[in-house]
Amino acid sequence: MNATTVIYDERVTPLPRAERRGASLWLSAADMQTATGWKLEPQGLCRGDACVRVDKAWCDAEGRIDLMAFARHMDQPVTDDDGVVAFGESVNVRRDALFSLEGPDFSLPDLDGVMHSLSGYRGKKVFLHSWGSY
Amino acid sequence: MWQAVYVELKDQGFEMVAVAFDTAGTAAVEARIRCADLQDRPPVLARLMGWSDDLWARQAPPTYPCLIDEGHVVAELYNMRNVPQAVWLDEQGRIVRPVESAGTYDMVPHMNRETFEVPDAAAAHGLEVRNNYVDALRDWVKNGAASRYALPPEEVRRRMQGPKADDVIAANHVRLGRYLYSRGRLERAKHHFNEAVRLCPESWNYRRQSMMLDPERVGELNGGPDFFAAFDAHRHLPYYPEADLDKTGG
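Residues numbered from 1 in each chain as written. Chains lettered and ligands numbered in written order. Predicted model: local features only at pLDDT ≥ 70, side-chain atom pairs only at ≥ 80, totals over all residues.

A. View of the overall build of chain B. Helices and strands together make up the secondary structure of chain B, namely 11 helices and four strands. On C-alpha atoms alone, chain B measures out to a radius of gyration of 18 Å, which is about the 18 Å that the 2.2 N^0.38 rule sets for 250 residues. With respect to the three principal axes, the spread of C-alpha positions in chain B is 50 × 40 × 35 Å. Of all 250 residues assigned to chain B, the portion counted as buried reaches 44%. Counted over contacts in chain B with a minimum sequence separation of 6, partners at least 24 positions apart contribute 66%. (Helix = DSSP H or I, 4+ residues; strand = E, 2+ residues; numbered from the N terminus. Rg over C-alpha atoms; globule rule 2.2 N^0.38 Å. Buried ≥ 20, exposed ≤ 12 C-beta atoms within 10 Å, placed from the backbone. Contact = placed C-beta atoms within 7 Å.)

Right, here's the structure in full:
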């Protein structure tokens, strides 16, 4: 069995114990939390304020969770290439975030590797502009 | 240049943040941003980009934060499709102007593709577009919500383009492609960037990045025949739609 690496939003996690079987990717609850931030609680899978009721079809006898089935339920894009699986955010989540008009936050490094978050500039007007070297 | 505008406005409760969409990371950006011969850049570039003599003369290496976005994350969050584009956020972090061309006029149809020279009429228009945009920015920094260029929420939403279903799939290919690039799996990385271009043809960021996704070409400006061929082949797609500075929209 080859090791699987999960990229979930910007988080990259190698998961040597994850099991690919058919269209499923089985993770222990602990691995699920490490890789995705979704924690198994009595009321469901929870992250921040959000909780999603767990469907029995996503669980196996060993208490593992099928991340692929969960992502389908969440309408997340899934892209797979030779042991590396990337998960994005659903179009509705992205769209709602943008149309709320609260500028989506992010953290990125500057040229010296120092991290900057957009939210760190609260209290000032921000002119956020993009460019590329190409 | 933006640095000159930044120096002018930075003490008025204003911050400028630049984000570079560059999968090769610092290596790609460093060469460009810290070039020692900034003052020697030919004036033809000022005409091409519409910078006034005044701002061009005051150009300097940026002292505002220049962030590196290897995964084009901000492009996905804000649905940015080209560079340079900008979004304005007020003191509460709320969007008061959605993503739009940052004072850029589409010069490609007008320019000489070898010398980058542009005819006087196009240069004059480019200068006007840039000046109007920079003036709008100055007005907003000075007047805040009272500025006619700070749009009310319903107008921001009306102008805003949200992502389509294929856009988030394209962004996910970039997410995976960026990882594969960082692991040296160049051919697979290219495959995923090409998929992103196919799914989101409106994104010039993805197209231009995919053309330059090669360690041999890091930091190089893609202004050769390949770029112009791609430009000509996609002329039906918006490149630099002019920012609409009229509050009511059109």
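B. Focus on the overall build of chain A. For chain A, the helix and strand inventory stands at three helices and 13 strands. Considering only C-alpha atoms, chain A reaches an extent of 55 × 35 × 25 Å along its principal axes. Burial analysis of chain A (134 residues in total) assigns 37% to the buried set. Sequence-distant contacts, at least 24 apart, represent 31% of the contacts inside chain A between residues at least 6 apart.

C. Local environment of the interface of chain B and chain A. Chain B puts 70 residues into the contact, and the matching count from chain A is 41 residues. Here the element with the most residues in the side of chain B that touches chain A is helix α8 (residues 165-182) of chain B; it accounts for 10 residues. Residue composition of the side of chain B that touches chain A, grouped by class: 44 nonpolar, 13 polar and 13 charged. As judged from the seven bridges shared by strand β13 (residues 125-131) of chain A and strand β1 (residues 14-21) of chain B, these two strands associate in the parallel manner. (Nonpolar A, V, L, I, M, F, W, Y, C, P; charged D, E, K, R; others polar. Pairing = 2+ DSSP bridges.)

D. Main features of unusual backbone geometry. Residue and element names in this part refer to chain B. Cis geometry marks the peptide bond from Val83 to Pro84, where omega comes out at -5°. On the secondary structure map, Pro84 appears in the loop between α5 (73-78) and β3 (85-89). With phi around 60°, Asn79 is a residue other than glycine that occupies positive phi space. Its place among the elements puts Asn79 in the loop between α5 and β3. Among the residues examined, Asn79 registers 24 C-beta atoms within 10 Å and is labelled buried. The backbone phi angle of Phe116 is positive, close to 65°, even though this residue is not glycine.

E. Broad picture of the environment of Leu245 of chain B. Residue and element names in this part refer to chain B. The topology assignment puts Leu245 in the segment after α11 (225-233). Once the C-alpha coordinates of Leu245 and Leu221 are considered, the two residues, 24 residues apart in sequence, prove to be 30 Å apart. Those residues within four positions of Leu245 in sequence are excluded, and the remaining contacts are Asn132, Ala136 and Tyr149.

F. View of the sheet that holds strand β8 (residues 65-66) of chain A. With antiparallel pairing, the three strands of this open sheet are ordered in space as β3-β4-β8 (chain A). The open sheet has two edge strands, β3 (19-21) and β8 of chain A, and neither has a second partner.

G. Representation of the pairing of β13 of chain A in the model. With seven of seven residues buried, β13 of chain A lies mostly within the body of the structure. Alternating residues of β13 of chain A divide into Lys125, Phe127, His129 and Trp131 of chain A and Val126, Leu128 and Ser130 of chain A, and every residue in both groups is buried.

H. Here's a closer look at helix α9 (residues 186-199) of chain B. Over its 14 residues, α9 of chain B runs 20 Å from end to end, which matches the ideal 20 Å to within 8%, given 1.5 Å per residue. Those residues of α9 of chain B that are buried are in contact with α8 and α10 (204-211) of chain B. (Expected span 1.5 Å × (residues − 1).)

I. A look at the nonpolar core. If you look at the biggest cluster of nonpolar residues, it comprises 56 residues, and the most contacted ones within it are Val19 and Ala20 of chain B. When residues in this core are grouped by element, the largest group, seven residues, is from β1 of chain B. When residues no more than four places from it in sequence are discounted, the contact partners of Val19 of chain B are Leu108, Leu128 and Ser130 of chain A together with Leu67, Asp69 and Val74 of chain B. The next biggest cluster of nonpolar side chains, apart from the first, holds 42 residues, and it includes Ile169, Phe193, Tyr206 and Leu213 of chain B. (Core = buried A, V, L, I, M, F, W, Y, C linked by C-beta atoms within 7 Å.)

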